[in-house]
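# Results of the structural survey
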Amino acid sequence: MKRLILLAAISLIAAISYGFTYDNGRASLSPYPECTSITEYPDSLTPIFINHVGRHGSRYPAGSFHTMMLKKALDEADSLNTITPLGKQLKEETERVITATAGRWGELDTIGEKEHREIAGRMYKKYPQLLDSANISAISSDSPRSIMSMYFFTQQLAKSAKEINITTESGSKFTPLMRNYELDETYQTYRNDTAYTAAYNRFAAANIPIEPILRVLGEEYPLDYSTVYDLALAEYYVSAGMNAMGLEHDASKYFTIDEYHKLWSVFNFRQYLLYSASLASTRPAEIAAPLLQNIVATADSVVTGKLHIAAKLRFGHAETLMPLMALIQAPGCYYLTHYYDTLANNWKDFEMFPMAANLQLVYFKAPSGKIYVRAEYNEKPIQLLPGAKSPYIDWNDLRLRFLELLPLE
């Protein structure tokens, strides 16, 4: 017992010292962080093009599976009279989720609409001379929440800019760019491979605490230990997603910070294995190759004068951005290790992939005619060229770097 208490205390201290908060525990279900800063650029550079890839904005829960699983267990605990007072509170909150969603599973919500309007507004504020009287091309996956994100983004640009001409397209023809995780056969094989499932199952079994689910269902609830971990994650998932749909929720009522950290680490680990490069497989990153090729080809066409647009906007999913950012080895998005217990400190979905996360490559022309690129991720400058001292990179150098990172097929 003393050993268990000591281990729990050490784990709690680790979570606190790391700076983990309940807001962090929302994982990639987190709303887009507040952003008020506008990055300026030297007067000697003229912006000529923006290559943009964005995730859809905040949404209702993607599906009903976890919510209905949790509700079923809470209802059963209520009927068996094992449910605790805390469980009755959670039952009410779960029913609020179901009522608020009401057939809107996965749809963009008002928070998501606002996120994309504001990102677009800041884009115009930074580059009015580029976007006024400009041609803009926007595409989206066939997902309604991505389509609506594109519409709210471009609608705000149309309100802000003068005489702007915007074309929008969506549909399954863009699946190779925005949802290639559905098409790539090698990747689909990996998802069913024991290298993935065994690594995940070991990590989950070692880290998922079941105390939170017992606190709501009651100690006498007849738990099936083949599904208890699924129930524990369902409770976490419902909790983590409530703020993104505009519902007030206090996770600290149901989880200690250590428990929330552990549950988040399992959710985070699964996303890492499925959508980023790892030592289990680099294929989850390589599925972004068609998208990276499109980014390079579009920039080349604009720079050489074959294509006359001021911005190319693409709207997809976390599963679009995670592979892309791993493929280009962006800081915080690419981490290879044999020691999975270090992952939570080095690859953090809440930090890099919140709702409406976005990569912007902004191209500038110097008086000499040379083309420079500044990379921004979630509207903050990042460095994509190892060893570079300036945020403004020669496009030829970054272009070569991108092409070198493409997988050999």
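Keep in mind that this is a model prediction, so the values were computed, not measured.

## What about the overall build of the protein chain?
Of regular secondary structure, the protein chain possesses 17 helices and eight strands. Against the globule reference of 22 Å for 409 residues, the protein chain gives a C-alpha radius of gyration of 23 Å, in line with a compact fold. Projected onto its principal axes, the C-alpha positions of the protein chain cover 75 × 45 × 40 Å. The buried share of the protein chain, reckoned over its 409 residues, is 56%. Restricting to contacts in the protein chain with at least 6 residues of sequence separation, those with at least 24 account for 79%. Taking the average location of the 39 positive side-chain charges in the protein chain and that of its 45 negative ones, the two points are 4 Å from each other.

## Quick look at the packing of helix H2 (residues 65-80) against helix H3 (residues 85-101)
Packed helices, taken two at a time, are described by their axes: the angle between them and the distance between them. Here H2 crosses H3 at 140°, and the two axes come no closer than 10 Å. Between H2 and H3, the crossing angle belongs to the class labelled oblique. Here H2 and H3 pass one another in a crossing that is left-handed. Across the interface between the two elements, Thr67, Met68, Leu70, Lys71, Leu74, Asp75 and Asp78 of H2 pack against Gly87, Lys88, Leu90, Lys91, Thr94, Glu95, Val97 and Ile98 of H3. Counted by class, the contact of H2 with H3 contains six nonpolar, three polar and six charged residues.

## Some details on empty space enclosed by the protein
Summed over all chains, the structure comprises three cavities of 30 Å³ or more. The space that makes up the largest cavity amounts to roughly 90 Å³. Taken together, Leu29, Arg59, Pro61, Thr67, Val97, Tyr237, Val238, Gly241, Met242, Ala244, Met245 and Met355 make up the full set of residues lining the largest cavity. Ranked by residue count, the leading element in the lining of the largest cavity is helix H11 (residues 228-241), at three residues. Looking at the lining of the largest cavity residue by residue, the classes come out as nine nonpolar, two polar and one charged. Looking at the second largest cavity, its volume works out to about 60 Å³. Forming the boundary of the second largest cavity are Pro176, Leu177, Met178, Arg179, Asn180, Tyr181, Ile287, Ala288, Glu319, Thr320 and Pro323. Of all the elements in the fold, those that place two or more residues in the lining of the second largest cavity are helix H7 (175-178) and helix H15 (318-327). Partitioned by chemical class, the residues of the lining of the second largest cavity number seven nonpolar, two polar and two charged.

## With respect to the side chain of Ser146
With respect to the helices and strands, Ser146 occurs in helix H6 (residues 144-160). Once residues within four sequence positions are removed from consideration, Ser146 is found in contact with His56, Ser140, Ser141, Phe315, Gly316 and His317.

## Some words on the pattern of salt bridges
Counted according to the given criterion, the structure contains 20 salt bridges. The salt bridge involving Asp23 is made with Arg26; its shortest N-O contact spans 2.9 Å. Of the residues examined, Asp23 reaches a relative accessible area of 45% and is grouped as partly exposed. For Lys370, the salt bridge identified is with Asp394, shortest N-O distance 3.7 Å.

## Comments concerning the environment of Leu45
Here Leu45 is to be found in the loop between helix H1 (2-18) and strand S1 (46-55). Relative accessible area serves as the criterion here: at 9%, Leu45 is assigned to the buried category. Spatially, the C-alpha atoms of Leu45 and Gly369 are 9.9 Å apart, while their sequence positions differ by 324 residues. With residues near it in sequence (within four places) discarded, Leu45 still touches Phe364, Lys365, Ala366, Tyr372 and Tyr392.

## So, the state of the cysteines
Working definition of a disulfide: a covalent bond connecting the sulfur atoms of two cysteines. Summed over the entire model, instances satisfying the criterion amount to zero disulfides. Here Cys333 stays unpaired: no disulfide links it, and the sulfur of Cys35, its closest cysteine neighbor, is 16 Å away.

## Quick word on the packing of aromatic side chains
Throughout the structure, instances matching the rule amount to 25 aromatic pairs. Summarising the aromatic geometry, the rings of Tyr41 and Phe364 are spaced 5.1 Å apart at their centres and angled 50° between planes, so their arrangement reads as tilted. Of this pair, Tyr41 sits in the loop between H1 and S1 while Phe364 sits in strand S5 (residues 358-365), and the two are 323 residues apart along the sequence. Residues Tyr190 and Tyr196 carry aromatic rings whose centres are separated by 5.8 Å and whose planes lie at 50° to one another, so their mutual orientation is tilted. On the basis of relative accessibility, which here comes to 6%, the residue Tyr190 falls in the buried class.

## Here we look at the nonpolar core
Counting 108 residues, the largest nonpolar core has Leu217, Leu324 and Met325 as the members making the most contacts within it. Not counting residues up to four positions away in its chain, the partners in contact with Leu217 are Ala73, Leu74, Ala77, Thr82, Ile83, Leu223 and Leu231. The next biggest cluster of nonpolar side chains, apart from the first, holds 28 residues, and it includes Ile119, Ala120, Ala134 and Ala161.

## So, the confidence of the model for the protein chain
On average, the protein chain scores 94 in pLDDT, and the residues at 70 or more come to 96%. Per-residue pLDDT stays below 50 along residues 1-15; that stretch engages in seven contacts with residues further than four places along the chain or on separate chains.

What counts, and at which threshold
Note on numbering: residues in each chain are counted from 1, in written sequence order. Under the rules for a predicted model, residues below a pLDDT of 70 receive no local features and side-chain atom pairs below 80 are neither given nor counted, while totals for whole chains, interfaces and linings still include all residues. With hydrogens and water stripped out, all remaining heavy atoms of the structure feed into the side-chain values. By the criteria applied, helices consist of DSSP H or I runs no shorter than four residues and strands consist of E runs no shorter than two, each listed in order from the N terminus. In this setup the radius of gyration rests on C-alpha atoms only. A globule is expected at 2.2 Å times the number of residues raised to 0.38. Residue burial is assigned from relative accessible area. The probe radius is 1.4 Å, only protein chains are included, and a residue is buried under 20% of its type maximum, exposed over 50%, and partly exposed in between. We call two residues contacting when some pair of their heavy atoms lies within 4.5 Å. Counted charges follow a simple rule, with Lys and Arg positive, Asp and Glu negative, and His plus the chain ends left uncounted. By convention, the charge on Lys lies at NZ, on Arg at CZ, on Asp at CG and on Glu at CD. Axes here mean lines fitted to C-alpha atoms, for a helix over just the part in contact, with angles spanning 0 to 180 degrees between N-to-C directions. Roughly parallel refers to an angle under 35 degrees, roughly antiparallel to one over 145, roughly perpendicular to one between 65 and 115, and oblique to any angle outside these ranges. Should the near helix be turned anticlockwise from the far one by less than a right angle, the crossing is left-handed, and should it be turned clockwise, the crossing is right-handed. Under the grouping applied here, Gly and all other residues not named as nonpolar or charged are polar, the nonpolar ones being Ala, Val, Leu, Ile, Met, Phe, Trp, Tyr, Cys and Pro and the charged ones Asp, Glu, Lys and Arg. Think of a 1 Å grid over just the protein atoms. A cavity is a set of points where a 1.4 Å probe fits yet cannot get out, a pocket is an open set with protein on both sides within 12 Å along at least five of seven lines, and lining residues have an atom within 4 Å of a point. Grid points are joined across faces, edges and corners, and a volume is the space filled by probe spheres set on the points. For this document, the term salt bridge refers to a Lys or Arg side-chain nitrogen within 4 Å of an Asp or Glu carboxyl oxygen. Criterion for a disulfide: a pair of cysteine sulfur atoms at a distance within 2.5 Å. Aromatic rings from Phe, Tyr and Trp, with only the six-membered ring used for Trp, were paired whenever their centres fell within 6.5 Å, and each pair was classed as stacked if the ring planes differed by under 30 degrees, edge-to-face if by over 60, and tilted otherwise. We call a set of buried Ala, Val, Leu, Ile, Met, Phe, Trp, Tyr and Cys residues a nonpolar core when their side-chain atoms join them within 4.5 Å. A score between 0 and 100, pLDDT records how confident the predictor is in each residue.

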